[in-house]
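Descriptive analysis of the structure
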Amino acid sequence: MTLQQINYALMISESGSMNKAADKLGISQPTLTNAVRELEREIGAEIFLRTPKGVVPTAEGEEFLCSIGQLYRQYELVCEKYINKDMKRKFGVSTQHYSFAVSAFIETVKQFGTLEFEFAIRETETLNIIHDVGSLKSEIGVLYISSFNRKPITKMLEENELEFTALIKCRAYVYMWREHPLAGEESIGLEQLAPYPCLSFEQNGSNGYLFAEEILSENIYPRMIKATDRAAMGELMKTLYGYTLCSGILCEEMNGSDYVVVPFREDSENHNTVMEIGYIRKKHGSLSEIGERYIEELKLSLQKNAKP
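The structure presented is a predicted model; accordingly, all values stated were derived computationally and were not measured.

Rules of the game
- Residues numbered from 1 in each chain as written.
- Predicted model: local features only at pLDDT ≥ 70, side-chain atom pairs only at ≥ 80, totals over all residues.
- Heavy atoms only, no water.
- Domains from an automatic or database assignment.
- Contact = heavy atoms within 4.5 Å.
- Buried area = accessible area lost by both parts, 1.4 Å probe.
- Salt bridge = Lys/Arg side-chain N within 4 Å of Asp/Glu carboxyl O.
- Polar contact = N/O pair within 3.5 Å; in protein donor to acceptor, adjacent residues only side chain to side chain.
- Helix = DSSP H or I, 4+ residues; strand = E, 2+ residues; numbered from the N terminus.
- Core = buried A, V, L, I, M, F, W, Y, C linked by side-chain atoms within 4.5 Å.
- Buried < 20%, exposed > 50% of the residue type's maximum accessible area, 1.4 Å probe, protein only.
- Pairing = 2+ DSSP bridges.
- Axes fitted to C-alpha atoms, helices over the stretch in contact; angles between N-to-C directions.
- Arc of directions from axis to C-beta.
- Parallel < 35°, antiparallel > 145°, perpendicular 65-115°, else oblique.
- Left-handed = near helix turned anticlockwise from the far one by under 90°.
- Nonpolar A, V, L, I, M, F, W, Y, C, P; charged D, E, K, R; others polar.
- Disulfide = S-S within 2.5 Å.

**A few points about the domain arrangement of the protein chain**
- Domain annotation of the protein chain identifies domain 1 (3–83), domain 2 (89–167 + 277–305) and domain 3 (170–275).
- Using only C-alpha atoms to locate each centre, domain 2 and domain 3 end up separated by 23 Å.
- Of the residues lining the interface, 27 residues belong to domain 2; the matching set on domain 3 comes to 28 residues.
- A combined buried area of about 2,300 Å² lies between domain 2 and domain 3, and 59% of that area is made up of carbon and sulfur atoms.
- Along the contact surface separating domain 2 from domain 3 lie one salt bridge.
- Connecting domain 2 to domain 3 are five residue pairs in polar contact (both at pLDDT 80 or more).
- Residue assignment for the side of domain 2 that touches domain 3 shows that the elements contributing at least two residues are α5 (99–112), α6 (126–134), β5 (140–145), α7 (150–159) and α11 (289–305).

Here is the structure:
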């Protein structure tokens, strides 16, 4: 197995297409196909399934790609430090859809600049955050843990040799458009929200509710709409009076003044569970200088924007 073969396999996985991967690598498609077949023969397992719409990893391939992703990222880090000193250093963050995490990222970029660093921020699904940090695609991940999701999240973190550091604890708020009929309430109960659609960020897999970004995801809501990005979520709040249950941490420079948060009022069946928001990183090894700076900016952003 060579580093070139590893690079080829990772590029195919990222591109989802043999042709696209070959174009990015600057090689012919037959050359790429032959290299992957040789790699599959060497490890004794099929890495990719070829479909009319492209290629997808097999179950064994997914595990293999996760392992070699960590290996190849370590190789890149060594090259950046000792060999290609003129090559841009990389820093990535994978996060749930938190505006305060984006704000902290922006402040970090301002301090280090884009001339010597290649930055990436990925607002994505919870499982993707764990996989990104586990494979070193991102150095840091930002998510929350509660009594409901602690067991499955902890299991995934252990499998990927990751650790979670809590930064803040908060209870649920109802997040909605400022013109929503309930926006002026002092607190809002679930019975008041019944006429309006509950909005939720889509998650991977059949057990996606276990990894939901929204607190109280175990409840059954009579009206539910899934979204994949914050822009779509905002439009659904404005046009359909949708709402979501969140931490209540609004970053005004990112969210503007069009949205408000109102404390969620618990009842005998729907308790206001505590959320622990924090970051994940590899257990072994130290954070980079830029990673440490990002954590400090996260803390500052939370101090500035969190509800008292």
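Right, picking up where we left off after that structure.
**Quick word on the nonpolar core**
- Grouped together as the largest cluster of nonpolar side chains are 43 residues, with contacts concentrated most on Phe100, Tyr243 and Tyr294.
- Residue-level mapping places this core at the junction of two domains, with at least three residues from each of domain 2 (89–167 + 277–305) and domain 3 (170–275).
- Once residues within four sequence positions are removed from consideration, Tyr294 is found in contact with Phe91, Val93, Ala101, Ala104, Phe105, Thr108, Ile140 and Val142.
- Ranked by size, the runner-up nonpolar core spans 19 residues in total, among them Leu32, Ala35, Leu39 and Leu65.

**Some thoughts on the sheet that holds strand β4 (residues 117–123)**
- The mixed open sheet is built from five strands, whose spatial order is β4-β3-β5-β13-β6. Across the chains shown, the open sheet's two edge strands, defined by having one partner strand only, are β4 and β6 (162–170). Here the strands of the sheet are splayed against their neighbours by 20° on average, with no regard to which way each runs.
- Two strands pair when backbone bridges link them, and β5 and strand β13 (residues 275–282) are joined in this way by five bridges, in the antiparallel orientation. Among the inter-strand pairings, Leu143 is bridged to a residue of β13, identified as Gly278.
- Against the sheet, α5 makes contact with β3 (89–95), β4, β5 and β13, and its axis sits at roughly 175° relative to β4, the strand it touches most.

**Digging into the environment of Asn204**
- Along the chain, Asn204 turns up in the loop between β9 (198–201) and β10 (224–227).
- Residues Asn204 and Ile12 lie 192 residues apart in sequence; the distance between their C-alpha atoms is 21 Å.
- Asn204 has contacts with Glu125, Leu127 and Asn128, leaving out every residue within four places of it along the chain.

**Overview of the pairing of β5**
- Burial within β5 is extensive, with six of its six residues counted as buried.
- Going residue by residue along β5, you find Ile140, Val142 and Tyr144 tucked away on one face and Gly141, Leu143 and Ile145 tucked away on the opposite face as well.
- Sheet topology places β3 next to β5; three bridges connect them, and they run parallel. Each residue of the ladder has a partner; that of Ser94, found in β5, is Gly141.

**Description of helix α2 (residues 18–25)**
- Among all positions in α2, only Met18, Ala21 and Ala22 are buried. Looking down the long axis of α2, one finds its buried residues gathered within 100° of arc, a one-sided arrangement. Across α2 from its buried face, at more than 90 degrees, point the exposed residues Lys20, Asp23 and Lys24.
- In this structure, the buried residues of α2 make contact with α1 (3–15), α3 (29–43) and β2 (54–57).
- The backbone nitrogen of Asn19 has a side-chain oxygen 3.3 Å away, supplied by the residue at the start of α2, namely Ser17.
- Immediately beyond the C-terminal end of α2, within one or two residues, lies Gly26, with a positive phi of roughly 75°.

**Focus: the packing of α5 against α11**
- Running from amino to carboxyl end, α5 crosses α11 at an angle of 135°, the nearest separation of the two axes being 8 Å. Here α5 is positioned oblique relative to α11, judged by the angle of their axes. Both α5 and α11 take part in a crossing whose hand is right-handed. Residues Phe100, Ala101, Ser103, Ala104, Phe105, Glu107, Thr108, Gln111 and Phe112 of α5 form the contact with α11, whose own contacting residues are Glu289, Ile290, Arg293, Tyr294, Glu297, Leu298, Ser301 and Leu302.
- Grouping the constituent residues of the contact of α5 with α11 by class yields nine nonpolar, four polar and four charged.

**Some thoughts on the state of the cysteines**
- Applying the stated criterion across every chain yields a total of zero disulfides.
- For the unlinked cysteine Cys170, the closest cysteine sulfur is that of Cys246, found at 8.5 Å.
- With no disulfide of its own, Cys198 lies 11 Å from the sulfur of Cys246, the closest cysteine sulfur.

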